[in-house]
Amino acid sequence: MGTEGKSKKNRTVLMIIAIFCIYMLIQMRYIGETWFDPDELDIYGTGFEMFKGKVLYSEIASQHMPWSYVISMIFYALGAHSTVLQRLYFYIMFAAFWTAFIFIYKKHVNKWVLFLQPFAYFAIIQHLDFGTQILSENIAVIGAQMLLLEFLMFLDKRQVSLASCIRISLGVILTFGVSFVDIYAVFYMVIGVILLEIAWYRSSTKESRVKEAKNKETEDNNNNRKQSSLAKTYIRLVVVVALPWIALLIYMLATHSVGAFIKDAYTVNREYYPRYMANIGAEPMNMFDVGITRIAEYINEFSFEGFNTLYILKLFIVGCLIFTSYKLVKTKGWIAGITVFMFVSSLGIRGLYSFHTVTFIGAATLVTVYAMVTYLYESKEAFEKKSEGKKFLLVFMSCLFVASFSENLHSIFHFLKMEDMNGYKKECEIVKTITDEDERIWQTNVCNSVSWGSLRVTKGPTISTPWMWDAVGSEKFEAYKENPARVIIFEDNYESWGNKMSDYAPEAYTYIKENYTYIPDSNQVWVLNSYYTEACEKLGID
C-alpha cells in the first residue's frame, strides 16, 4: 500500500473514531436520568439474574421477548453492574451501529442522512417521558433502521449478499427479538421483498423472451439459472436468520423452558394481559392495519392548541413518511413505496409519540432526514436551483430540529457525575445489611429498584401484575410457602395499573400480611416475623 493509500486509511479510521465519539457525547446527557423502574430495570435486573444462573421464563417470569435480556446479561458479564454502566454499554452499542451504518450504506443512502439521523431522533425522544431510558423499544430502533437501510440498498442492488443476510438476521433479533409487536413491521418487509422479487423476475423473464425468442434452449437455461440463484439466495437468508433462534431453542430445550417461553411471551399477551388492558393483543389478526390507523388518527387530531416546535416537528415527520413513500412509488415502484410506509407505520402500533413508540420515531426520523437531504436538498447545485418555497421549508425544518435538539444542551456534561439516580438507596442498603450476598428476596411489586440496586437475586411467585399472577404466579404460590424468603419488597395497598393486589391476589396478600413484618422507616422492606428481631439488631433498630 502506497503512502497515499495509508493516508486515506488513516483518515477513515480517524473519521470513524470522531463520529463514534460524537454519538457517544450526545447520548451522555441522558446517562444520569432517573431510573424507569418497570421497563428499564426489568432489562437490567433480568440480565443480572440470568448471569447469576436463573433460567429465563421457567425461573424468571416475563411476558417480553428474550434478546434485550441476553444483551444486558452480556453487558453485566463485561462489568456493567449499575444502571449508569448498563446505559453506557448500550450507548456504546448504539453509537457503534450508527457509525457503522454510515460506512456500510453510504453508497445507497446519502452519508449526511446517516450522520444526521441520530440528532433528529434525539430531538424528539428527549421530550417524551422516559423516552431516553434504555427500553426494548430503544434497542429496536437499531434493528428497524438496519432493516430499512437494507431494504433501500436492496432496491438499488437487487441482490442479497451474505453480509446483508447477517445484517438482516441481526435486524430481526433487534426488532421482533426484543419487541413482539414488531413482527407486523417485519412481516410487511418480508412481503415487500417477495413481491419485488416476483415483479423483477417477471420483468427480466419478459425481456429475456424478447431477446432469446429465436433460441428456446437459451431462454430455458437463463430462466433455470435465475430460479436456482434466487432459491440459493433466500435459502441462505432463511438459514442465517434462523441460526440465532435455533441456538435459543436449543438453550430452551436444554433448560426445559420452551413451554414457559410460549406461555409467558405469547399466551400471557394473548389471553391474560388483554383482560386488564382494554383487550390489547387479544386479536392479533386485527392489528395489521393499526399502523395506518394511528397515522390517520394523528392527522385527524390536528389542533392549534399546544402548537409549538415539537408539535410541528411531529407533524412534519408524519408528512415526510407519506411524502417519501409517494416518491418511492414514483421512482422505485408501488411495491417499494408501500413497503416502506407499512413497515414504518406498523412500528407505531402502540401510538406514535410515547416511550413505547420510540422505534417508530427512530425509523420515521430516518425517513424524514432522508426526505430532507434526498428530495429537498439533493446537492449544492440542485439546491440553488430549487424554488424559494422548498429552500425555506428545508431551512425552517432544519432550524426546528436544531432548536428541539439543543434544548437543555448544557446537561451534556452531567455524565461527569457518573452517579446512579436511585430513589431507593436507603432501602437498598437495608436489604444488603439484612441479607447474605447470595440470599434471594421476594420482589412483589413491579418497580424493582431495590432488588436491582442491592444486586439481590429474587425468588417467589410473580405477583406484581394481575395478569402475570393469574398466568404463572398463582401456580407457584404453594411451593413458595414451603421455603419463603426472609426478606421481601412489598407495599401495603399496592396497586398495579389500578388493580389492587388485595383484590387480584388475596391469598398472597393475606399471607404476606400475616407472616411478614414491616421494617420501620424502610418504605417497602418487610421480613419474616421470625427474622424481625435479628434483622432489627443488624440495622441497629431498638
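Residues numbered from 1 in each chain as written. Predicted model: local features only at pLDDT ≥ 70, side-chain atom pairs only at ≥ 80, totals over all residues. Heavy atoms only, no water.

A.B. asks: Help me understand the overall build of the chain in this model?
C.D. replies: In terms of helices and strands, the chain carries 23 helices and 7 strands. Here the C-alpha radius of gyration of the chain, 26 Å, is about what a compact globule of 542 residues would show, namely 24 Å. By principal-axis analysis of the C-alpha atoms, the chain measures approximately 95 × 60 × 55 Å. Evaluated residue by residue, the chain yields a buried proportion of 51% over its 542 residues. Counted over contacts in the chain with a minimum sequence separation of 6, partners at least 24 positions apart contribute 72%. Approximately 25700 Å² of the chain is accessible, and the part contributed by carbon and sulfur atoms is 59%. Across the chain, the 51 positively charged side chains and the 53 negatively charged ones have centroids separated by 15 Å. (Helix = DSSP H or I, 4+ residues; strand = E, 2+ residues; numbered from the N terminus. Rg over C-alpha atoms; globule rule 2.2 N^0.38 Å. Buried < 20%, exposed > 50% of the residue type's maximum accessible area, 1.4 Å probe, protein only. Contact = heavy atoms within 4.5 Å. Areas by Shrake-Rupley, 256 points an atom, 1.4 Å probe, with all protein chains shown as cover. Lys, Arg positive; Asp, Glu negative; His and termini not counted. Charge placed at Lys NZ, Arg CZ, Asp CG, Glu CD.)

A.B. asks: Would you explain the pattern of salt bridges in this entry?
C.D. replies: Proximity of charged atoms lets side chains of opposite charge pair with each other. Evaluated as defined, the whole model comprises 13 salt bridges. For Arg-87, the salt bridge is made with Glu-40, and the minimal N-O distance between the two is 2.7 Å. With Arg-87 in helix α4 (residues 83-105) and Glu-40 in helix α2 (residues 40-51), this pair connects stretches of sequence that are 47 residues apart. Each member of the pair, Arg-87 together with Glu-40, is buried. In this structure, Glu-478 and Lys-481 form a salt bridge, with 3.2 Å as the shortest nitrogen-oxygen distance. A residue pair is termed a helical-turn pair when its members lie 3 or 4 positions apart in one helix, as Glu-478 and Lys-481 do in helix α20 (residues 477-482) at 3 residues. Taking relative accessible area as the criterion, Lys-481 reaches 31% and is therefore assigned partly exposed. (Salt bridge = Lys/Arg side-chain N within 4 Å of Asp/Glu carboxyl O.)

A.B. asks: Looking at this model, I keep getting lost on a nonpolar patch on the surface. Mind explaining?
C.D. replies: Taken together, the side chains of Phe-187, Val-190, Ile-191, Ile-194, Leu-195, Ile-198, Val-329, Trp-334 and Ile-338 make up a nonpolar region of the molecular surface, amounting to roughly 760 Å² of accessible area. When residues of the nonpolar patch are traced back to their parent elements, those giving at least two are α8 (183-211) and α13 (334-346). By residue number, the principal contributor to the nonpolar patch is α8, which donates 6 residues. Among the structural elements, Val-329 can be located in helix α12 (residues 309-332). (Patch = residues over 30% accessible without salt bridge, like charges linked within 9 Å, V, L, I, M, F, W, Y side chains within 5 Å.)

A.B. asks: Help me out: how do you make sense of helix α10 (residues 258-276) in this one?
C.D. replies: In an α-helix there are 3.6 residues to a turn, and that puts residues three or four apart on one side. Taking 1.5 Å of rise per residue, 19 residues should cover 27 Å, and α10 covers 26 Å from first to last C-alpha, within 8% of that figure. Along α10, the largest kink reaches about 65 degrees and is centred on Val-268. Within α10, burial applies to Ala-260, Phe-261, Asp-264, Ala-265, Thr-267, Val-268, Asn-269, Tyr-272, Tyr-273 and Pro-274. (Expected span 1.5 Å × (residues − 1). Bend = angle between axes of the 7 residues up to and from the residue.)

A.B. asks: Please explain the nonpolar core as it appears in this structure.
C.D. replies: Taken as a class, soluble globular proteins show a tendency for nonpolar side chains to be buried jointly. Among the nonpolar cores identified, the biggest contains 130 residues, and Phe-90, Val-344, Tyr-353 and Phe-360 are the most heavily contacted of them. Look past the residues within four positions of Phe-90 in its chain and what remains in contact with it is Ile-43, Tyr-44, Ile-71, Ser-72, Phe-75, Ile-134 and Ile-139. Core analysis: the next-biggest nonpolar cluster, separate from the first, contains 32 residues, Ala-508, Ile-519, Val-525 and Trp-526 among them. (Core = buried A, V, L, I, M, F, W, Y, C linked by side-chain atoms within 4.5 Å.)

A.B. asks: Looking at this structure, I do not really get the packing of α10 against helix α19 (residues 466-473). What am I missing?
C.D. replies: When two helices pack together, their arrangement is given by the angle between the helix axes and by the axis-to-axis distance. Axis separation between α10 and α19 bottoms out at 9 Å; the angle between their running directions is 130 degrees. Classified by the interaxial angle, the pair formed by α10 and α19 is oblique. Relative to α19, α10 is oriented so that their crossing is right-handed. On the side of α10, the interface is formed by Lys-263, Asp-264, Val-268, Tyr-272, Tyr-273, Arg-275 and Tyr-276, while α19 contributes Pro-466, Trp-467, Met-468, Asp-470, Ala-471 and Val-472. (Axes fitted to C-alpha atoms, helices over the stretch in contact; angles between N-to-C directions. Parallel < 35°, antiparallel > 145°, perpendicular 65-115°, else oblique. Left-handed = near helix turned anticlockwise from the far one by under 90°.)

A.B. asks: I'm lost on a positive patch on the surface in this one. Help?
C.D. replies: A cluster of basic residues, Lys-8, Arg-11, Lys-106, Lys-107, Lys-111 and Lys-157, forms a positive patch on the protein surface. Mapping Lys-8 onto the fold places it in helix α1 (residues 3-28).

A.B. asks: I would appreciate a short explanation of unusual backbone geometry in the present structure.
C.D. replies: Trans peptide bonds make up most of the peptide bonds, and negative phi angles are found at most residues other than glycine. Here the phi dihedral of Glu-378 falls at roughly 65 degrees; this positive angle occurs in a residue that is not glycine. Note on placement: Glu-378 falls in the loop between α14 (358-377) and α15 (380-385). Residue classification places Glu-378 among the partly exposed residues on the basis of a relative accessible area of 41%. Positive phi is not limited to glycine here, since Asp-521 has a value of about 60 degrees. Secondary-structure assignment places Asp-521 in the loop between β6 (516-518) and β7 (525-528).

A.B. asks: Even after reading the chapter, I still don't get the side chain of Ser-82, so can you show me in this structure?
C.D. replies: Note that Ser-82 resides in the loop between α3 (67-77) and α4. Ser-82 sits in the buried class, given a relative accessible area of 18%. Look past the residues within four positions of Ser-82 in its chain and what remains in contact with it is Asp-420 and Trp-452.

A.B. asks: Would you take a moment to explain the environment of Arg-202 for this structure?
C.D. replies: Relative to the helices and strands, Arg-202 is located in helix α8. The exposure class assigned to Arg-202 is exposed, which follows from its relative accessible area of 63%. In sequence terms Arg-202 and Val-113 are 89 residues apart; their C-alpha atoms lie 33 Å from each other.

A.B. asks: Mind showing me how you'd approach the side chain of Ser-169 here?
C.D. replies: Among the structural elements, Ser-169 can be located in helix α7 (residues 162-173). When near neighbours in sequence (up to four residues on either side) are disregarded, Ser-169 contacts Val-240, Val-241 and Pro-244.

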